[in-house]
Amino acid sequence: MSEIKGASVVIVGGGVTGLSAGWWLAQGGVDVLVLEKGLIGWEASGRNGGGCSHHHSPLFAEEQRLWPLMDELLGYPTEFRPERIRLASSEHQMALYGRALRNAARQGFDSEVLDLKQAKEMVPLAGDTVVGGYHYKFGGHANPHRTLQGYAWAMQDHGGRVLQHTTVTGFRTEGGRVTAVETDRGEVGCDSLVLAAGPQTGRLSAMLGQEVPVQSARCEMIVTEPLPLMPLGGVDGCGLYGRQTLRGNLAYGGGPHEWLALTEEGTPAKPTTPLMLHIGKRLAQLLPKAAHARIIRSWAGVIENTPDGRPVIDRLASQANVVVATLSSVGFGLSPASGRAIRDLVVDGACGFADISTFSLARFAELEPNWRELQGWQVTAATEALAA
Ligand SMILES: Cc1cc2nc3c(=O)[nH]c(=O)nc-3n(C[C@H](O)[C@H](O)[C@H](O)COP(=O)(O)OP(=O)(O)OC[C@H]3O[C@@H](n4cnc5c(N)ncnc54)[C@H](O)[C@@H]3O)c2cc1C
């Protein structure tokens, strides 16, 4: 006998993907329950850079439409701030970053080219290490913790439930459908199931006969002490992404992906001194007038990566009532739109506002079993040692 009351839709994973989907479903009157093995947002969803600018995604238009509305829609603050700047430190980088400008322009979003003087005016912490940059009048950033909490509270306001410290261990199936989810606290009945377990999505879907290909990687972020607020807090460059918080701290990440072995409990996500120093050094190159600032915090997070870098949001062929969603390292910014897409797949059977056929599982039908090795995404002894 289970202590947990079942739900029409059970969602595995209390990150931004699962909670946004839960909120979209609950506000439409669906009885929804999110099961989370630890604390909500404890994994990548609470550790990311907060960037919301995915111009290469079929969900881009919806991402851009929704973010400015999110505080009002959720009824809780996300600290969303629109627009971003990317600084270039060479003409080569200027040319490279121009691609984003052209791609967004094709979709109707404006940008502005900045010369050195304009770049320094807009980014007071920049110096002569830059040659110019771009002011993208789209995208932006938000506070990951506030956003995640906003999804959870808003979902609960509509009658949705979250159970933390509840690990999903298996599934009961009948006639090509999942009828219940097995957890370490008993079985939970459901009409539909959403697997939104980040890097663990593949391991869980494999229990249902179809593995979603995902490889885990660790990446890190550093936070400086507060600095005077810049006019626009989202400034990227030097291979870094990040934002200035409303308090003035610079929160930045970016660097090599360190491939990790996935364990059932989760993968280790400790920050390492070499990576921290590397990020700090590059932040000082990007924003030389912040070079004196002390690093007051750092953390690591584990991101999910599919072989082609694109999300998976699809139904499982083997079980008609299961939707799988793993966002391949762009899940925070896309979360308002990915949650809506998942809701559409669960309720309507197809996404009604964007063509997400490139997120299908069918694209991996011919994937070689050793795809991780072929891509060079292997766990190395050095990474293992650092994580220990
Ligand atoms: C350092 C860093 C910087 C990033 N920067 C950005 C950025 O600027 N912009 C952006 O868009 N994205 C960014 N990302 C990526 C983004 O954070 C992720 O794509 C996104 O958070 C994925 O959310 P999710 O809910 O799908 O997965 P997760 O956040 O991984 O959540 C999955 C949840 O499922 C739970 N779970 C797993 N297995 C089980 C089980 N068996 N039972 C119950 N629960 C389970 C986990 O505990 C976890 O809480 C960054 C990531 C990192 C680490």
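Rules used in this analysis
Within each chain, residues carry numbers counting from 1 in the order of the written sequence. Residue-level local features of this predicted model are given only where pLDDT is at least 70; pairs of side-chain atoms are given and counted only at 80 or more, and the full residue set underlies all totals for whole chains, interfaces and linings. The side-chain numbers reported here are obtained from all heavy atoms of the structure, hydrogens and water having been left aside. A helix here means a DSSP run of H or I that spans at least four residues, while a strand means a run of E at least two residues long, and both kinds are numbered starting from the N terminus. Under the convention used throughout, the expected extent of a helix is 1.5 Å for every residue step, that is, one less than its residue count. Burial classes: relative accessible area under 20% of the type maximum marks a residue as buried, over 50% as exposed, and values in between as partly exposed (1.4 Å probe, protein chains only). Residue contacts are defined here by distance: any two heavy atoms, one from each residue, within 4.5 Å place the two residues in contact. Between N or O atoms, a polar contact is any pair within 3.5 Å; within protein, one atom must be a potential hydrogen donor and the other a potential acceptor, and residues adjacent in sequence are included only when both atoms are from side chains. Residues scored as positive are Lys and Arg, those scored as negative are Asp and Glu, and His as well as the terminal groups of each chain are ignored. Salt bridge criterion: a side-chain nitrogen from Lys or Arg within 4 Å of a carboxyl oxygen from Asp or Glu. Bend, at a single residue, is the angle you get between axes fitted to the 7 residues ending at that residue and the 7 residues starting at it. Think of a 1 Å grid over the protein atoms and nothing else: a 1.4 Å probe that fits but is trapped marks a cavity, an open set flanked by protein within 12 Å on at least five of seven lines marks a pocket, and residues with an atom within 4 Å of a point count as lining. Grid points are joined across faces, edges and corners, and a volume is the space filled by probe spheres set on the points. All residues other than Ala, Val, Leu, Ile, Met, Phe, Trp, Tyr, Cys, Pro, Asp, Glu, Lys and Arg, Gly among them, are scored as polar; the first ten of these are nonpolar and the last four charged. Throughout the structure description, domain borders are defined by an automatic or database domain assignment. Being near a molecule or strand, for a residue, comes down to having at least one heavy atom within 4 Å of it. Per-residue accessibility takes into account occlusion by the displayed protein chains alone, with areas from the Shrake-Rupley method and a 1.4 Å probe. Accessible area that two parts lose when put together, with a 1.4 Å probe and added across both, is what the buried area reports. All axes are obtained by fitting lines to C-alpha atoms, using only the stretch in contact for helices, and the reported angles, taken between N-to-C directions, cover 0 to 180 degrees. For this classification, under 35 degrees means roughly parallel, over 145 means roughly antiparallel, 65 to 115 means roughly perpendicular, and everything else is oblique. Should the near helix be turned anticlockwise from the far one by less than a right angle, the crossing is termed left-handed; should it be turned clockwise, right-handed.

K.L.:
Would you mind showing me how to read helix α6 (residues 144-157) here?
P.N.:
Along an α-helix, residues three or four positions apart point the same way, because every turn accommodates 3.6 residues. With 14 residues, α6 should reach 20 Å at 1.5 Å per residue; the first-to-last C-alpha distance of 20 Å fits that figure. Of the positions making up α6, those classed as buried are Pro144, Thr147, Leu148, Gly150, Tyr151, Ala152, Ala154 and Met155. Where α6 is buried, its residues meet α1 (16-27), β2 (32-35), α3 (70-74), β6 (161-163), β12 (241-244) and α9 (331-347). Capping the start of α6 is the job of one residue whose side-chain oxygen sits 3.0 Å from the backbone nitrogen of His145: Asn143. Just beyond α6, the residue with positive phi is Gly159, at close to 95 degrees.

K.L.:
Teacher, can you tell me more about the side chain of Arg282 here?
P.N.:
Along the chain, Arg282 falls in helix α8 (residues 273-286). No salt bridge is formed by the buried Arg282. Its closest oppositely charged neighbour is Glu220, at 9.8 Å. Within polar-contact distance, the side chain of Arg282 engages the backbone oxygen of Cys238 at 3.0 Å. For Arg282, the side chain forms a polar contact with the main-chain oxygen of Gly239, separated by 3.5 Å.

K.L.:
Honestly, α9 in this entry has me stumped. Any pointers?
P.N.:
The largest bend in α9 amounts to roughly 45 degrees and is located at Ala337. Judged by how many residues are buried, α9 sits mostly within the fold: 14 of 17 residues are covered. One or two steps after α9, the chain reaches Gly349, where phi turns positive at roughly 90 degrees.

K.L.:
It is not clear to me how the layout of surface pockets should be interpreted in this structure. Could you clarify?
P.N.:
One simple way to see leftover space: roll a probe sized like a water molecule over the atoms. A volume near 210 Å³ is recorded for the second largest pocket. Contributing elements (two or more residues each) for the lining of the second largest pocket: α6, β10 (215-224) and β15 (295-305). Among the residues forming the lining of the second largest pocket, the class breakdown is 5 nonpolar, 7 polar and 3 charged. No fewer than three residues from each of domain 1 (7-65 + 145-214 + 308-370) and domain 2 (81-141 + 216-305) sit in the lining of the second largest pocket.

K.L.:
Looking at this structure, how should I read the site of the ligand?
P.N.:
The full set close to the ligand counts 37 residues, and Thr17, Glu36, Ser45, Glu304 and Gly333 are the nearest of them. Measuring from an oxygen atom of the ligand, one finds a side-chain N or O atom of Thr17 at 2.7 Å. Measuring from an oxygen atom of the ligand, one finds a backbone N or O atom of Gly331 at 2.8 Å. When the free accessible area of the ligand is taken as 1,000 Å², the share hidden by the protein chains comes to 97%. Of all the secondary structure elements, the ones that give two or more residues to the shell around the ligand are α1, β10, β15 and α9. Per-class residue counts for the shell around the ligand are 14 nonpolar, 18 polar and 5 charged.

K.L.:
Explain the domain arrangement of the protein here, please?
P.N.:
Buried accessible area, meaning the area lost when the parts come together, often serves as the stated size of an interface. Under the domain assignment used here, the protein contains domain 1 (7-65 + 145-214 + 308-370) and domain 2 (81-141 + 216-305). A C-alpha centroid distance of 27 Å is found between domain 1 and domain 2. Between domain 1 and domain 2, the contact holds 23 residues from the first and 27 residues from the second. Here domain 1 meets domain 2 over a buried area of about 2,100 Å², counting both sides, of which 57% is carbon and sulfur. Looking at the side of domain 1 facing domain 2, the largest losses of area belong to Arg47, His55 and Pro199, adding up to 27% of the total buried there. Taken together, the links from domain 1 to domain 2 amount to 0 salt bridges. Linking domain 1 to domain 2 there are 9 residue pairs in polar contact (both at pLDDT 80 or more).

K.L.:
How do you make sense of empty space enclosed by the protein when you look at a structure like this?
P.N.:
On inspection of all chains with the given rule, the structure shows 1 cavity of 30 Å³ or more. Its volume calculated, the largest cavity comes out at about 40 Å³. As for the largest cavity, its lining consists of Glu79, Arg81, His141, Arg243, Gln244, Thr245 and Leu246.

K.L.:
Would you mind going over the packing of α1 against α9 with me for this structure?
P.N.:
Between two packed helices, both the angle of their axes relative to each other and the distance between the axes serve to describe the pair. Interaxial distance between α1 and α9 falls to 7 Å at its minimum, and their mutual angle equals 50 degrees. Regarding the angle of α1 to α9, the classification is oblique. Of the two possible hands of crossing, α1 and α9 adopt the one that is right-handed. Contact residues: α1 offers Val16, Thr17, Ser20, Ala21, Trp24 and Leu25, while α9 offers Gly331, Phe332, Ser335, Pro336, Ser338, Gly339, Arg340, Ile342, Arg343, Val346 and Val347.

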